[in-house]
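Survey of secondary and tertiary structure
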2 protein chains.
Amino acid sequence: MKSICQIRDAMGGQEGDDHAAEDEQHISGDAEEEEAAADDERHDSNVSTESLLAVSDDVEGDETQSGTQSSHRLLAYSDALLSIIATVMILPVAHTKMEADEALDENLQLLLGTKMAVYLMTFLIVTVAWAAHIRLFQVIVRIDDTLALLNLACMMLITLLPYTFSLMATFPSHVLGILLFCGCVMVIGLIQSVIVVYAFSRPFLLQHQIRACADRSVYRHHILKVLLRVPVMCLLAAVCSAFCYQLSYVLLALVIFLPYISRGVLWCRDKLLGPAEEDPEQVMFYTFLPSEPLSKERVEAFSDGVYAIVATLLILDICEDNVPAPSSVQQRFNGSLVAALRSYGPEYLAYLGSFATVGLLWFAHHSLFLQVSRATRAMGLLNTMSLAFVGGLPLAFRLTHELPPAAAPRDERRAVQAACVLVFGAGAFQLATWVAALQRGRRALRPAVRYGGPEHIFMLAKLSLYPAVALAAFLLTCALSRFSVAIFHLMEVAAPLAFLLLRLTVTVARALLTRLFRPRGRQESENGEDNVQSSAPF
Amino acid sequence: MKSICQIRDAMGGQEGDDHAAEDEQHISGDAEEEEAAADDERHDSNVSTESLLAVSDDVEGDETQSGTQSSHRLLAYSDALLSIIATVMILPVAHTKMEADEALDENLQLLLGTKMAVYLMTFLIVTVAWAAHIRLFQVIVRIDDTLALLNLACMMLITLLPYTFSLMATFPSHVLGILLFCGCVMVIGLIQSVIVVYAFSRPFLLQHQIRACADRSVYRHHILKVLLRVPVMCLLAAVCSAFCYQLSYVLLALVIFLPYISRGVLWCRDKLLGPAEEDPEQVMFYTFLPSEPLSKERVEAFSDGVYAIVATLLILDICEDNVPAPSSVQQRFNGSLVAALRSYGPEYLAYLGSFATVGLLWFAHHSLFLQVSRATRAMGLLNTMSLAFVGGLPLAFRLTHELPPAAAPRDERRAVQAACVLVFGAGAFQLATWVAALQRGRRALRPAVRYGGPEHIFMLAKLSLYPAVALAAFLLTCALSRFSVAIFHLMEVAAPLAFLLLRLTVTVARALLTRLFRPRGRQESENGEDNVQSSAPF
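Residues numbered from 1 in each chain as written. Chains lettered and ligands numbered in written order. Predicted model: local features only at pLDDT ≥ 70, side-chain atom pairs only at ≥ 80, totals over all residues. Heavy atoms only, no water.

1. Concerning the nonpolar core
One recurring pattern in soluble globular proteins is that nonpolar side chains are buried together. Our working rule: Residues belong to a common nonpolar core when they are buried Ala, Val, Leu, Ile, Met, Phe, Trp, Tyr or Cys residues joined through side-chain atoms within 4.5 Å. The rule is simple: take the accessible area with a 1.4 Å probe, protein chains only, and divide by the maximum for that residue type; under 20% is buried, over 50% is exposed, in between is partly exposed. In this analysis, two residues are considered to be in contact whenever any of their non-hydrogen atoms come within 4.5 Å of each other.
In terms of nonpolar packing, the biggest core is built from 286 residues, with Tyr-77 and Ile-140 of chain A together with Tyr-77 and Ile-140 of chain B touching the most fellow members. Every residue in contact with Tyr-77 of chain A, bar those within four places of it in the chain, is listed here: Leu-152 of chain A together with Asp-304, Tyr-307, Ala-308, Ala-311, Val-358 and Trp-362 of chain B.

Structure (C-alpha cells):
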C-alpha cells in the first residue's frame, strides 16, 4: 500500500510542480499560450503518451533486452482487426433482401429494426473489448513474442463475439447461444489475465511508473481483480442460463455497465456521506473515471479503421455484384453495355454519396484530433457513439438510392429521414467530443481551437456543418415530402460544396480582418483568452 | 541544374562522411556493431524517415505555419483504404457459386482462373497506385486542408479502379470498359499533378531537402514529368481503343512496366557503351531504382491492412450467412440448434484455419520488419508479392473446407494443393524480402539478424517455417492423395504448434549454448561478422 501512496505522492507532487510552473507564467498573451502548450506536451509525455515512451525505450531496450519489441505495430494491427469486427454486423442489415412487392412493409421494418439493434449492441460490445485492450496495453508498453502470440489468440476470440452475440439474439431463449457467448468472453478474460501475469513476471515489459515501483504485486492484484470480474460474471450468467435465462441477460448487461454503476454508487455515497478518504486501491490505471487518459493514437487508429471499412463497404458489393455477365448483357440489353451499366446507376450514386460523406466526416474528425493533445475516456465514449452512427451510413445510403420503383413516397421519405438521422448523429457526436475536450481546456486541446483561439470559430463551423445540413434536409423532407429523394441528392452534392465555400469564406474573411482590424481583432482574442483562463483555472 | 548538383554533392559528401566515420570504427566486435547501428539510424533520419521529420516539424510548424499539419494520419487512412481495395477483388472469386453437381469441373475452373487473374491484376494496379502515392508523399511531408481534400478525391477514384478494371476484363473488346478505366487513371494523374503544383507553391509543405533548395522548379518539373507520363499514355490508349483495342492493352501494360523498361534500357546502354555520365535530371526522388528508399512505416501500415482484412474476410461471410433463421431450424433440424450449427462446422474450421495462418504469417512479417531499419523499393516489391498470395488465402481455405460431399478425391487434392501453393508463396516471398534486406546489409537491417547476428538463425527458422510446412503438405498430398484433406487439417494444427516448439527449442538451446560454450560461440559469431564485412564493403 505504502509504495502506491509514495508513487501517487510523487506524481501528485510532479503535477503540483507543473501547476506552479503554469501559475508563474500567468502573463497572458500568445507567448504564455505557447508555453502552456509546451507544458501540456511535457505533461503528456510524463503521463500518457506511451507511444513516445515506446520509441525512447526502443533504443534502450535493444541494448538491455534484445527479446522485447515496441508494441506500436501490434496495437495498430489489433485496432485494424477490432474496427473491422465492430462494423461487420452492419452487413446482415445492409443485405436484407428487399423485394419489389414488400417495399419497406411492417415485417421488413421489424426485421431491420432487430438487426439494427444487434448491430448497435455488437458495436458496443466490441468497443468495450477494445477499451479493455487499450487499458491493458497502457500498462504493458513493450511486448515479446509470447505476448504477441497471446494477443493474436485474444483477437481471434474477439472476432467471434459478433457471431456468438447474433446467435444469442436470434435464439434468445436457447441455452446454447448464451453458453457460446459467455464461453468466448470467459476465454478472452482468462487470456488477458495470463498476459498480465506474464508481463508482471517480466517487469521490463511494463509501463515505466510501475517498473520503477518496488512493490508491483499491488498493481497486479488490482488489475487482475478488474479483469477477472468479467469472466466470473459470465460464468455466473452461464450457470444461471440453465434454470432462468432472463437472469443471464441481466448479468451480461451488468458486465458492460458495471464500471458506470460502481462509479454511480461511489458518487452517490460521496454526495450523501461527504467525500470519502481516497481509496488506496484506486491506482492511476483502471480507474474508469471519465477523465482517465486514453491513448489518442489508438483512438485515431480505431476511428481510421471504421471510416475506411465503412467508406469501402459499398464498393465491396459493387465489385462483387455489379459486373454484368456477358450473356445477360446480350439477352437483356441487346448487347448494349451502356444500358446494362445505366441500370446500376443508383448503386454508383449511393457509393459516391456515401464515400464523400464518410470522407468528409473523416476529414472533420481528422481536423479535430489534430488539435487534441490528449484524449480522455469521456471523449473516447463520445467518439465511439459517433462511429456507431457512421457504421450505419452505407445501409442508409443504399436504402435511399435503391428503393424499388414501386415504393410509396412515405417509404422514400422514411429512408431519407433515416439517413439524415444517421448523418446528424455522426456529426453531432463529433461536436460533442469537441465540447468534452473544450471542457478539459488546456489539458486536452491545443491553444488554436480553445475558447478565443484563432481557429475556434472555424473548427466549430467545420464540425457543425454536417449536423446542420442533415437537420435542414430532415426538416425539408417533412415539409416537402414529395421531393425527399431530390432533397437528399441535393444534400450530398451541397455538403462538399459547402465545405469548400466555408474554407474560401474563412480564408477571405480572415485576410480582410487581418488587413482592416488587426490591432482590435488581436486584443479581442486576447481578452477572450483571459476570460477563459480566469474562469477555469486548474 | 546546378542547384541539384550542389545538393547531390552535399548529400554525397554527407554520405561520404558517414562512410569515413564507419571506416574509422572498424575495430570489430559488439561495440562496433552498436555504433554502426546507431550510425545507420542517424543516416536514416537524414535521408528517408519522413515520419520522424514530420514529428520534429510539428512543433516548429505549429509556430510558423498554423494551417499545416503532420501528414501521418492522412497517410495511415490512405493506406487502410488502399489495402482494403487491393484485396477486394478476391470476393468475386471466393463467392463463385459451387453447386454439388458441378464440383470443380472444367467450366468452373476456367471461371475461377479468370477471376483469379483479375484479382492479381487489380492487386498489382492498386499497389502501383499505392507506390506512386508513397513517392508523392515522400516529397510532400506536411499537408493542409486543401491537400487533405484533394487526397480524398484521389482515393475515391482509386477505389473505382478495381471495378473499372473488372468491367474491362469482362468485356475486353468493348470500348466502354477501356474508356472508363483510362478515364479513372487520367483523372487520378491530373489530381496528383495538381497536388504537386499546389505543394510546390507552398514550400513549407515540402521535404526539407527540397525546401532548402533555391531552385525548386527543377524538382517540380522532374516530378510532374514522371507523373504526367501515365495520364498521357492512358489518353493514347483511350484514343487507340476507337480503332484497335489490342493496341490499347499494350499501351496500358506499358504504363505499369514503364519504369522497369526504362531501367532495363538504361542498364543495357550502360553495359554496351560503358557507364554513362550521371544524368543531372535523375534526382534522388522518383528514380525507380531498386534501392530507392520506401517509407517503412507505410509498408507496415499497408501490410497490416491487407492482413487484417484478409483475416476477417471469412468472419464477414460467417456473420452474414451462418446465423440460421429460427424457422429453418424448426423445419430442417427439428428445433435442434446444435444440429443446425454442426452443419456449418466446415466454415468455422475454415475461419479458424485461415485466421491462424494469416495471424502467424502476420507475426512472421512483424518479426521481420521489427529488424528492418530501412525499406527499399525492391523489398517493397517482394513484400507486395507476398501480400498478393496472402490475399488469396480465404478463398483457398474456403475451397478446402467446403467442398461438396460429392467431390471427387482429385478435386479435393487440387483444392488442398492450391492452398499449399498460396501459403508457400506468401511465406517464400517474406523470406525473399529478408534476403533482399540482407543483401543491403547494415543499411537495411538491425545487427541482431544480419549474418552472424545472435537472432539470424532464429529469424531464418521463423520465416522458413510456413514455406517448409506448406511444401511438405504439398508433397504429402501428391504421395497420399486419398488423405489430402486430412493432411491439410494436420498442417493447420501443426504450424502453430511448430511455432511454439521452435520458440521453446531456441530458448532451451540458447540457454544451453550460453552456459556451455559461451566463449567459443561468441568468437564464431564475431568471425562471421568480419567475413561479411570484408566481403561486402560499401
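And the narrative resumes.
2. Some words on helix H7 (residues 145–170) of chain B
Residue and element names in this part refer to chain B. Selection rule: Put simply, DSSP marks the helices as runs of H or I at least four residues long and the strands as runs of E at least two long, and each gets a number from the N terminus on. Helix span is expected to be 1.5 Å times the residue number reduced by one. Think of it this way: the bend at a residue is just the angle between two axes, each fitted to seven residues, one set ending at that residue and the other starting at it.
Relative to the 38 Å expected for 26 residues at 1.5 Å per residue, H7 spans 39 Å between its end C-alpha atoms, a close match to the ideal helical length. Considering bend angle alone, the principal kink of H7 is centred on Leu-161 and spans about 30 degrees; proline Pro-162 follows within four residues of it. Along H7, 20 of the 26 residues are buried, which leaves the element largely enclosed by surrounding structure.

3. Some points on the packing of helix H12 (residues 296–321) of chain A against helix H15 (residues 345–370) of chain A
All names here are of chain A. This is how it is decided: Helix axes are fitted to C-alpha atoms over the stretch in contact, other axes to C-alpha atoms as well, and angles between N-to-C directions run from 0 to 180 degrees. Put simply, angles under 35 degrees are roughly parallel, angles over 145 are roughly antiparallel, angles from 65 to 115 are roughly perpendicular, and the rest are oblique. Note that Gly is not counted as nonpolar here; it falls among the polar residues with everything else outside the nonpolar set of Ala, Val, Leu, Ile, Met, Phe, Trp, Tyr, Cys and Pro and the charged set of Asp, Glu, Lys and Arg.
Where H12 contacts H15, the two axes come as close as 9 Å, and the packing angle between them is 170 degrees. Classified by the angle their axes make, H12 and H15 are roughly antiparallel. Residues Lys-296, Val-299, Glu-300, Ser-303, Asp-304, Tyr-307, Val-310, Ala-311, Leu-314, Ile-315 and Ile-318 of H12 touch H15, and the partners they reach there are Glu-347, Tyr-348, Ala-350, Tyr-351, Ser-354, Phe-355, Val-358, Leu-361, Trp-362, His-365 and Phe-369. Here the contact of H12 with H15 is built from residues that sort into 15 nonpolar, three polar and four charged.

4. Side note on helix H4 (residues 72–87) of chain B
Taking 1.5 Å of rise per residue, 16 residues should cover 22 Å, and H4 of chain B covers 23 Å from first to last C-alpha, within 8% of that figure. Across the 16 residues that make up H4 of chain B, a large majority, 14, are buried.

5. Details of the pattern of salt bridges
Test applied: Here, a salt bridge means any side-chain nitrogen of Lys or Arg that lies within 4 Å of a carboxyl oxygen of Asp or Glu.
The final tally for this structure, using the stated rule, is eight salt bridges over all chains. A salt bridge links Arg-73 of chain B to Asp-304 of chain A, with the shortest nitrogen-to-oxygen separation between them at 2.9 Å. Here the residue Arg-73 of chain B occupies a position in helix H4, and Asp-304 of chain A occupies one in helix H12, the pair thus bridging two chains. As a salt-bridge pair, Glu-300 of chain B and Lys-296 of chain B come within 3.7 Å of each other at their nearest N and O atoms. Of this pair, Glu-300 of chain B and Lys-296 of chain B both sit in helix H12 (residues 296–321), four residues apart, roughly one helical turn.

6. A closer look at the relation of the copies chain A and chain B
Inclusion rule: Fitting of the copies onto one another was done by least squares over C-alpha atoms, counting residues only where both copies have pLDDT of at least 70.
Screw-axis analysis of chain A against chain B gives a translation of 0.0 Å along the axis, an RMSD of 0.0 Å, and a rotation angle of 180 degrees. The superposition of one copy onto the other is thereby described by a two-fold rotation axis. A shared interface surface links the copies, since 100% of the contact residues of chain A are contact residues in chain B too.

7. Focus on the interface of chain A and chain B
Put simply, the rule is: Buried area is understood as the total, over both parts, of accessible area removed when two parts are fitted together, assessed with a 1.4 Å probe. As used in this structure description, the phrase polar contact means that two N or O atoms lie within 3.5 Å; if the pair is within protein, one of them must be able to donate a hydrogen and the other to accept it, and residues adjacent in sequence are counted only when both atoms belong to side chains.
Taken together, the contact between chain A and chain B spans 80 residues of the former and 80 residues of the latter. In terms of surface lost to chain B, no three residues of chain A exceed Arg-73, Tyr-77 and Tyr-163 of chain A, which account for 13% of the buried area on that side. On inspection of chain A and its partner chain B, the count reaches four salt bridges. The tally of links from chain A across to chain B stands at ten residue pairs in polar contact (both at pLDDT 80 or more). Here the side of chain A that touches chain B gets 14 residues from one element, more than from any other, and that element is helix H7 (residues 145–170) of chain A. Residues belonging to the side of chain A that touches chain B are distributed by class as follows: 53 nonpolar, 15 polar and twelve charged.

8. A closer look at the confidence of the model for chain A
Residues and elements named next belong to chain A. The cut-off we apply is this: On a scale of 0 to 100, pLDDT captures the predictor's confidence in every residue.
In the predicted model, chain A carries a mean pLDDT of 75, and 76% of its residues have values of at least 70. Confidence over residues 1–65 falls short of pLDDT 50; this stretch has 83 contacts with residues more than four positions distant or in other chains. Counting contacts from residues 520–538, a segment whose pLDDT is below 50, to residues more than four positions away or on other chains yields 17 contacts. Here the predicted complex scores 0.80 on pTM and 0.79 on ipTM.

9. Let's talk about the environment of Met-186 of chain B
All names here are of chain B. Mapped onto the elements of the fold, Met-186 is located in helix H8 (residues 175–200). For the pair formed by Met-186 and His-174, sequence separation is twelve residues and the distance between their alpha carbons is 19 Å. When near neighbours in sequence (up to four residues on either side) are disregarded, Met-186 contacts Pro-231, Cys-234 and Leu-235.

10. Some details on the packing of aromatic side chains
Residues and elements named next belong to chain B. The following threshold applies: Only Phe, Tyr and Trp rings take part, Trp by its six-membered ring, and two of them pair if their centres are within 6.5 Å. Stacked means planes under 30 degrees apart, edge-to-face means over 60, and tilted covers everything else.
Following the criterion strictly, the structure yields 16 aromatic pairs over all chains and no others. Between Phe-389 and Phe-429, the ring centres sit 5.8 Å apart and the planes meet at 20 degrees, which makes this aromatic pair stacked. Placement of the pair is Phe-389 in helix H16 (residues 377–401) and Phe-429 in helix H17 (residues 409–440), with a sequence separation of 40 residues.

11. Thoughts on a nonpolar patch on the surface
Residue and element names in this part refer to chain A. For the record, the criterion: The patches described consist of residues with a relative accessible area above 30% and no salt bridge, like charges being joined within 9 Å and nonpolar side chains (Val, Leu, Ile, Met, Phe, Trp, Tyr) within 5 Å. Note on areas: Shrake-Rupley, 1.4 Å probe, and residue coverage restricted to the protein chains presented here.
Together, Met-121, Leu-124, Val-128, Phe-257, Tyr-260, Ile-261, Val-265 and Leu-381 line one region of the surface with nonpolar side chains, adding up to about 650 Å² of accessible area. If you list the elements that add at least two residues to the nonpolar patch, you get helix H6 (106–139) and helix H11 (245–273). Considering every element that reaches the nonpolar patch, the biggest residue donor is H11, with four residues. Mapped onto the elements of the fold, Leu-381 is located in helix H16 (residues 377–401). Overall, Leu-381 belongs to the partly exposed group, its relative accessible area being 41%.

12. What to know about the packing of helix H15 (residues 345–370) of chain B against H16 of chain B
Residue and element names in this part refer to chain B. Defined as follows: Left-handed describes a crossing in which the near helix is turned anticlockwise from the far one by less than a right angle; the clockwise case is right-handed.
Running from N to C, H15 and H16 point in directions that differ by 165 degrees, and their axes come no closer than 8 Å. Classified by the interaxial angle, the pair formed by H15 and H16 is roughly antiparallel. Here H15 runs over H16; the crossing is right-handed. Across from Pro-346, Leu-349, Ala-350, Gly-353, Ser-354, Thr-357, Val-358, Leu-361, His-365 and Phe-369 in H15, the residues of H16 making contact are Asn-383, Val-390, Leu-393, Phe-397 and His-401.

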